[in-house]
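Structural characterization, general
One letter stands for each residue in the lines below.
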Amino acid sequence: GKIYLPYLRYEDDRELIRRARYFTDKGYRLVMHALGNVAACQAARVVQSLGAGASSSIEHMLVMSPADLDLFAGCGAVASLQPGFIPSYADTIARIGALPYLKTFALRSLLDRGVAVCISSDGPCGADDPLHNIRRAVDRRKADGMAFDPDEAISQFEALTAATIGGGRSLGAEKEGLCEGAPATFCVVDGDPFADTSRVVQTWIDGQRYY
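Residues numbered from 1 in each chain as written. Predicted model: local features only at pLDDT ≥ 70, side-chain atom pairs only at ≥ 80, totals over all residues. Heavy atoms only, no water.

On to the overall build of the protein, then. Tallying secondary structure elements over the protein gives eight helices and nine strands in all. Since a compact globule built from 211 residues should have a radius of gyration of about 17 Å, the 17 Å found for the protein is in line with a globular shape. Viewed in the frame of its principal axes, the protein has a C-alpha envelope of about 50 × 45 × 30 Å. For the protein, the share of sequence-separated contacts (at least 6 apart) that also reach a separation of at least 24 residues comes to 65%. With an accessible surface of roughly 11400 Å², the protein has 54% of that area assigned to carbon and sulfur atoms. In the protein, 22 side chains carry a positive charge and 26 a negative one; their mean positions are 4 Å apart. (Helix = DSSP H or I, 4+ residues; strand = E, 2+ residues; numbered from the N terminus. Rg over C-alpha atoms; globule rule 2.2 N^0.38 Å. Contact = heavy atoms within 4.5 Å. Areas by Shrake-Rupley, 256 points an atom, 1.4 Å probe, with all protein chains shown as cover. Lys, Arg positive; Asp, Glu negative; His and termini not counted. Charge placed at Lys NZ, Arg CZ, Asp CG, Glu CD.)

Counting residues in hydrophobic clusters, the biggest one holds 36 residues, and the most contacted among them are Met 32, Val 47, Ile 58, Met 61, Phe 72 and Leu 110. The element that contributes the greatest number of residues to this core is helix α2 (residues 37-50), accounting for seven residues. Residues in contact with Ile 58, not counting those within four places in the same chain, are Met 32, Ala 34, Ala 43, Val 47, Phe 72, Ala 77, Val 78, Ala 79 and Ser 80. If you look at the next biggest cluster of nonpolar residues, it comprises 11 residues, including Leu 62, Phe 85, Ile 93 and Leu 102. (Core = buried A, V, L, I, M, F, W, Y, C linked by side-chain atoms within 4.5 Å. Buried < 20%, exposed > 50% of the residue type's maximum accessible area, 1.4 Å probe, protein only.)

This part covers α2. The first and last C-alpha atoms of α2 sit 20 Å apart over 14 residues, in line with the 20 Å expected at 1.5 Å per residue. Of all 14 residues in α2, 11 are buried; the element is thus mostly enclosed. Within α2, the full set of buried residues consists of Asn 37, Val 38, Ala 39, Ala 40, Cys 41, Gln 42, Ala 43, Ala 44, Val 46, Val 47 and Leu 50. Packing partners of the buried residues in α2 comprise α1 (13-24), β1 (30-34), β2 (56-60), β3 (63-64) and α3 (66-73). (Expected span 1.5 Å × (residues − 1).)

Tallying each qualifying case throughout the model produces four aromatic pairs. When the centroid spacing of 5.1 Å and the interplanar angle of 90° are considered together, the rings of Tyr 22 and Phe 23 count as edge-to-face. A relative accessible area of 51% means that Tyr 22 is categorised as exposed. Classification of Phe 23 as partly exposed rests on a relative accessible area of 41%. Consider the rings of Phe 85 and Tyr 89, whose centres lie 4.8 Å apart with planes at 55°: the pair is tilted. Under the relative-accessibility criterion, Tyr 89 is labelled partly exposed at 37%. Of the aromatic side chains, those joined through ring pairs into one cluster are Tyr 22, Phe 23 and Tyr 28. (Phe/Tyr/Trp six-rings, centres within 6.5 Å; stacked < 30°, edge-to-face > 60°.)

With 12 residues, α1 extends 16 Å from end C-alpha to end C-alpha; this agrees with the ideal 16 Å at 1.5 Å per step. Among all positions of α1, only Leu 16, Ile 17 and Ala 20 are buried. An end-on view of α1 places all buried positions within 100° of arc, on one side of the element. Exposed and oriented more than 90 degrees from the buried face of α1 are Arg 14, Arg 18 and Tyr 22. Packing partners of the buried residues in α1 comprise β1 and α2. Capping the start of α1 is the job of one residue whose side-chain oxygen sits 2.8 Å from the backbone nitrogen of Arg 14: Asp 12. (Arc of directions from axis to C-beta. Polar contact = N/O pair within 3.5 Å; in protein donor to acceptor, adjacent residues only side chain to side chain.)

Strand order across the open sheet formed by three strands is β7-β8-β9, with antiparallel pairing between neighbours. What marks the edges here is a single partner per strand, and that holds for β7 (186-189) and β9 (208-209). Two strands pair when backbone bridges link them, and strand β8 (residues 200-205) and β9 are joined in this way by two bridges, in the antiparallel orientation. Note that in β9 the partner of Trp 204 across the bridge is Arg 209. (Pairing = 2+ DSSP bridges.)

A pair of packed helices can be characterised by two numbers: the angle between their axes and the separation between those axes. The geometry of α2 relative to α3 is characterised by a closest axis approach of 9 Å and an angle of 25° between their N-to-C directions. Between α2 and α3, the angle is such that the two are roughly parallel. Considering only the axes of α2 and α3, their crossing is left-handed. For the pair α2 and α3, the contacting residues are Asn 37, Ala 40, Cys 41, Ala 44 and Arg 45 in the first and Asp 68, Leu 71 and Phe 72 in the second. Taken together, the residues that form the contact of α2 with α3 break down as five nonpolar, one polar and two charged. (Axes fitted to C-alpha atoms, helices over the stretch in contact; angles between N-to-C directions. Parallel < 35°, antiparallel > 145°, perpendicular 65-115°, else oblique. Left-handed = near helix turned anticlockwise from the far one by under 90°. Nonpolar A, V, L, I, M, F, W, Y, C, P; charged D, E, K, R; others polar.)

Following this line, the structure appears as structure tokens:
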């Protein structure tokens, strides 16, 4: 039920709490990278211990058990995931035996637990294209076209929300999206955003076209 990855840099929670408190005491938002379930649980404990809650964001969370997901949901942090990695990482995750014991890129499970979710790219390590990332959140498509851990798929609306409003939450900016009175920040796509052939043709920021 656990896969130990070499990214657990602090074996002792107290040391990580001490280091993180240095920044939270100065008013910084807490952002931590946690690749596997062991690190993600540690990050959740640190956030909870510091009372950092919604002012924190945890990145990656590649594999999680149901119990791990319950623990994370209780800490209040934003979960920032990269479903765009599915085409390149899925076969490796399957080979190490994570399925069916652990959930992978667990967008559905996190949303069902009330966690604020952000879809990000982890560029340049992953594909920078935001459209690629939301497409793979919905279809979970591997390089061979098969769906990977399909129970964790989310709807198109949920994917768009996670990539836009969720992205703002991950940065500490609460936005309600494109609504009356909001800054006119949006992009124009030349087709269905969830079709692989579609591309962004215009980007507007605060009412001005930048691309």
